[in-house]
Amino acid sequence: MSAPAQARVELDFAPASRRPGGAADRLRAVLSRPAVFGGLMPVVTILNALVGMALPKLMLPSEFGTYALVVTLFQYGLIFDLGASQLADRMIPACLGRGQPEDADRIGQQLLWLRLAVAALTLAVLVPGLFAAASFGALPFQPGIGALAAAAGIAYMVSLGPACLYRAHAARRDYALSVVVLSAGLTVARPGGLLAGGIAGCFAALLAWYAGFALLFHARLTPRLALLPSASRGAALLLRGLPFFATSIIWAFYVTGNRWFAAGLLPRDAFGQFAFAANIFSLLVGAAGGFSALYYPRLSQGIASGGAYALSGRLGQDCGKLVTGLALLMAAGIVLAGWLVGLAYPQYRLGVPTARIMLVAVPPLVLASWLMPVSLSNGHKPWIDGLVVFPLATLLLGISERWLFGVAGSAGAAWASTVSALPLVAMQLGVLCHARILRARHAAALLAVTLLASAALATLAVLVDQ
């Protein structure tokens with residue numbers, strides 16, 4: 001990358017007027033060490049998970065049920081960029097590899113503008129839509145709270161725009177520090193707002209945090225009007241990013257969908273208990289799945305440079321170890337769930353059986369979250385994941401949850417996550433085999449490990465509850 005192009009993607013966290021050898025220089029030197037900025041992201045991920053697990057203590061079960069639904073709008077909003085981040089990862093490195101930094105800069109600028117346009121249009125449609133749905137009694141929470149949550153998530157999405165460009169340009173320090181600063185909102189603003197103003201205060205604080213950093217980050221990496229994409233260019237980018245966006249948004253709904261389906265089946269207090277278990281489940285899947293960002297980029301590079309099945313054995317072995325290790329951790333969680341919940345969340349004791357059942361689905365779903373970026377980065381037909389695999393898994397989740405609820409109540413609804421997760425993994429492995437990333441024997445071995453782990457955990461969950 002040329003020096004001018006690199007300058008355009010460098011985010012300078014220190015004041016321009018800093019004196020050589022001053023405190024700002026020393027801080028910058030510390031933050032520029034790979035061990036520091038690389039280690040910050042796992043730390044923040046763990047802190048966010050811990051805060052998320054502490055939030056139920058601040059609410060009654062009925063209140064937490066409302067929060068568990070509303071927070072999904074925030075989660076959907078933060079990835080609602082219509083595939084801009086994935087396009088940056090695919091298009092910008094390709095331009096840089098061809099020695100075309102000006103094209104990389106132009107594409108980055110167009111993607112920044114695209115995010116801003118998507119944010120404005122989404123809010124213009126979504127906010128009135130929430131109030132309209134509430135007027136027909138189709139919304140299980142107040143529309144104002146939902147609008148705050150969605151706006152906070154979309155502000156988060158906008159503020160991530162510069163960070164995505166840093167990642168695509170391999171500006172690792174700037175990417176890591178940007179993401180850490182933004183993630184700190186979940187650690188600081190989220191509980192602070194909840195304590196100050198309840199659920200509405202929580203999302204108002206998050207909206208203020210992310211809107212403020214969106215302005216700051218875009219002031220330092222400003223979208224240039226001269227590079228505003230035309231309507232046809234913007235439409236072409238949206239069409240190209242659609243398969244990647246579809247995968248991301250449907251995956252997000254799939255992981256949180258059990259609470260949406262259950263909300264229409266359970267009374268408010270019972271749903272609060274179910275939502276508590278679903279929250280633990282999604283936090284574990286999200287935290288463990290997030291570490292795939294430390295694994296798949298290098299693996300994807302090896303696959304891209306090595307040809308068909310180049311790393312099939314390694315991928316199968318690594319994922320098998322992942323499933324086995326998670327199964328052991330979830331087994332401990334199933335055994336200790338009653339004691340841990342009784343100690344930390346006595347008001348959610350009734351949700352313990354549901355939590356045990358949902359822990360069974362954690363290993364296959366974390367595996368699914370690790371396989372997803374490998375397929376998107378290296379698969380020949382990424383639209384299959386977004387338009388076939390994940391929609392089918394989501395449909396299966398909804399059908400099985402409603403059917404199993406009729407058979408066994410809340411416990412039956414909880415089993416639906418595992419019932420849908422195993423076919424999801426099988427479909428993903430089939431896609432990777434078709435893309436010549438995984439050999440059939442390695443895929444079969446990994447599926448067998450996943451099935452055995454799930455069966456063992458399911459048996460343990462049933463025995464412990466007897």
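Residues numbered from 1 in each chain as written. Predicted model: local features only at pLDDT ≥ 70, side-chain atom pairs only at ≥ 80, totals over all residues. Heavy atoms only, no water.

## Here we look at the overall build of the protein
Then step 1. Tallying secondary structure elements over the protein gives 17 helices and zero strands in all.
Then step 2. For the protein, the proportion of its 466 residues judged to be buried stands at 51%.
Then step 3. Across the protein, every contact between residues at least 6 apart in sequence was considered, and the portion connecting residues at least 24 apart equals 81%.
Then step 4. For the protein, the computed accessible surface area is about 19,700 Å², with 69% contributed by carbon and sulfur atoms. (Helix = DSSP H or I, 4+ residues; strand = E, 2+ residues; numbered from the N terminus. Buried < 20%, exposed > 50% of the residue type's maximum accessible area, 1.4 Å probe, protein only. Contact = heavy atoms within 4.5 Å. Areas by Shrake-Rupley, 256 points an atom, 1.4 Å probe, with all protein chains shown as cover.)

## Let's talk about helix α8 (residues 172-187)
Then step 1. Between the first and last C-alpha of α8 there are 22 Å, a value that for 16 residues agrees with the 22 Å anticipated at 1.5 Å per step.
Then step 2. α8 sits mainly inside the fold: twelve of its 16 residues count as buried.
Then step 3. Where α8 is concerned, the buried positions are Arg173, Asp174, Tyr175, Ala176, Leu177, Ser178, Val179, Val180, Leu182, Ser183, Gly185 and Leu186. (Expected span 1.5 Å × (residues − 1).)

## With respect to helix α11 (residues 268-290)
One turn of an α-helix holds 3.6 residues; hence residues three or four places apart share an orientation.
Then step 1. Here α11 is 23 residues long and its end C-alpha atoms lie 31 Å apart, about the 33 Å a rise of 1.5 Å per residue gives.
Then step 2. Among the 23 residues of α11, 17 are classified as buried, and the element is accordingly described as predominantly covered.

## A closer look at the environment of leucine 238
Then step 1. Mapped onto the elements of the fold, leucine 238 is located in helix α10 (residues 231-263).
Then step 2. Residue leucine 238 is classed as partly exposed on the basis of its relative accessible area of 29%.
Then step 3. For the pair leucine 238 and leucine 87, spaced 151 residues apart in sequence, the C-alpha separation works out to 9.4 Å.
Then step 4. Discounting chain neighbours no more than four positions away, the residues touching leucine 238 are Leu82, Leu114 and Val118.

## Some points on the nonpolar core
Then step 1. Among the nonpolar cores identified, the biggest contains 136 residues, and Tyr67, Phe74, Phe203, Leu206, Trp251, Tyr254 and Leu424 are the most heavily contacted of them.
Then step 2. In terms of residues, this core owes the most to one element, helix α16 (residues 383-434), which gives 16 residues.
Then step 3. Contact partners of phenylalanine 203, with chain neighbours within four places excluded, come to Tyr67, Val70, Val71, Phe74, Ile145, Leu148, Ala149 and Ala152. (Core = buried A, V, L, I, M, F, W, Y, C linked by side-chain atoms within 4.5 Å.)

## Description of the pattern of salt bridges
Then step 1. The final tally for this structure, using the stated rule, is five salt bridges.
Then step 2. One salt bridge connects aspartate 81 with arginine 115, and the closest N-O pair in it is separated by 3.1 Å. Of this pair, aspartate 81 sits in the loop between α4 (61-78) and α5 (84-97) while arginine 115 is found in helix α6 (residues 101-135), placing the two residues 34 residues apart along the sequence. For the pair aspartate 81 and arginine 115, a shared accessibility class is recorded, and that class is buried.
Then step 3. Its salt-bridge partner being aspartate 105, residue arginine 224 comes within 2.4 Å of it at the nearest N-O pair. Here arginine 224 is found in the loop between α9 (189-220) and α10, whereas its partner aspartate 105 is found in helix α6, with 119 residues between them in sequence. (Salt bridge = Lys/Arg side-chain N within 4 Å of Asp/Glu carboxyl O.)

## Quick look at the confidence of the model for the protein
Then step 1. Of all residues in the protein, 89% have pLDDT values of 70 or greater, and the mean over the chain is 85.
Then step 2. Contacts from residues 1-19, a stretch scored under 50 in pLDDT, to residues over four places away or in other chains number 38 contacts. (pLDDT = per-residue confidence, 0-100.)

## Overview of the environment of glycine 129
Then step 1. Among the structural elements, glycine 129 can be located in helix α6.
Then step 2. Spatially, the C-alpha atom of glycine 129 lies 9.1 Å from that of proline 143, the residues being 14 residues apart in sequence.

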